[in-house]
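Tertiary structure, described
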Amino acid sequence: MRIASIVLAAGRSSRMGLRNKLLESIGGEPMVRRVTTGAIAGGGQPVVVVTGHEAAEVGAALHGLGVTVILNLEYADGLSTSLRAGLSALPADIDGALILLGDMPEVEASILRALMAAFTGESAICVPVLHGRQGNPVLWGRRYFREMMELTGDVGAKPLMARHEAQIIEVEVATDSIFHDVDAPEDLARLK
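Residues numbered from 1 in each chain as written. Predicted model: local features only at pLDDT ≥ 70, side-chain atom pairs only at ≥ 80, totals over all residues. Heavy atoms only, no water.

Further remarks concern the nonpolar core. With 34 residues, the main nonpolar core has Val7, Val32, Val49, Leu98, Leu115 and Leu139 as its most contacted residues. The set of elements that each furnish at least two residues to this core consists of strand 1 (3-9), helix 1 (31-42), strand 4 (47-51), helix 2 (55-61), strand 6 (96-101), helix 4 (109-118) and strand 7 (125-130). If sequence neighbours within four positions are ignored, Val49 has contacts with Val7, Ala9, Thr36, Leu62, Val67, Thr68, Val69 and Ile70. Counting 26 residues, the second-largest nonpolar core is a separate cluster that includes Ile70, Leu87, Trp140 and Tyr144. (Core = buried A, V, L, I, M, F, W, Y, C linked by side-chain atoms within 4.5 Å. Buried < 20%, exposed > 50% of the residue type's maximum accessible area, 1.4 Å probe, protein only. Helix = DSSP H or I, 4+ residues; strand = E, 2+ residues; numbered from the N terminus. Contact = heavy atoms within 4.5 Å.)

As structure tokens, then:
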């Protein structure tokens, strides 16, 4: 089965003030590069990175990685627009897509590999879980792409999970990195 990775990296980082969190250095590299190299190491191909806010700078941070970088001109209209842009960039023969958030730099490649190992086909939704709590990233089977393309506003695909609860495959992981996104300066300070 062919599984792609989509890194959502178009947001405005509005809660970070004037700083673009995706360009902040984590472990010596920009956050967006760290997330993207994790996606590459996870094994999903192709890796598509959706940019928007400060697209040139975000794209420059990914230089040399060999990923597909696309521009979401509608990024200001919310997360759903980036999800649609990323899905639209996938080849027709993709069976599933890992949806990674560009502000979750602690997610290990091993989590992505575990989700892919659990994937049973285009009707599966594979979700990492720790102590009964679901996190990110999520691996969506191609069956759900059409519904994801119909989402609007500043929402991801989480609402679809309730609708398709019977198709969810929970993948137990041993780390809470699946919950840690960087939204505010204090989140960034914790990471650094």
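Below, the discussion takes up the layout of surface pockets. Roughly 240 Å³ of internal volume is contained in the second largest pocket. For the second largest pocket, the lining is made up of 14 residues, of which Leu101, Asn136, Gly156, Ala157 and Lys158 are closest to its centre. Secondary structure elements with two or more residues in the lining of the second largest pocket: helix 3 (79-88), strand 6, strand 9 (138-141) and helix 6 (158-163). For the lining of the second largest pocket, the element with the highest residue contribution is helix 6, accounting for 3 residues. (1 Å grid on protein atoms, 1.4 Å probe; cavity = no way out; pocket = protein on both sides within 12 Å on 5 of 7 lines; lining within 4 Å. Points joined across faces, edges and corners; volume = space filled by probe spheres on them.)

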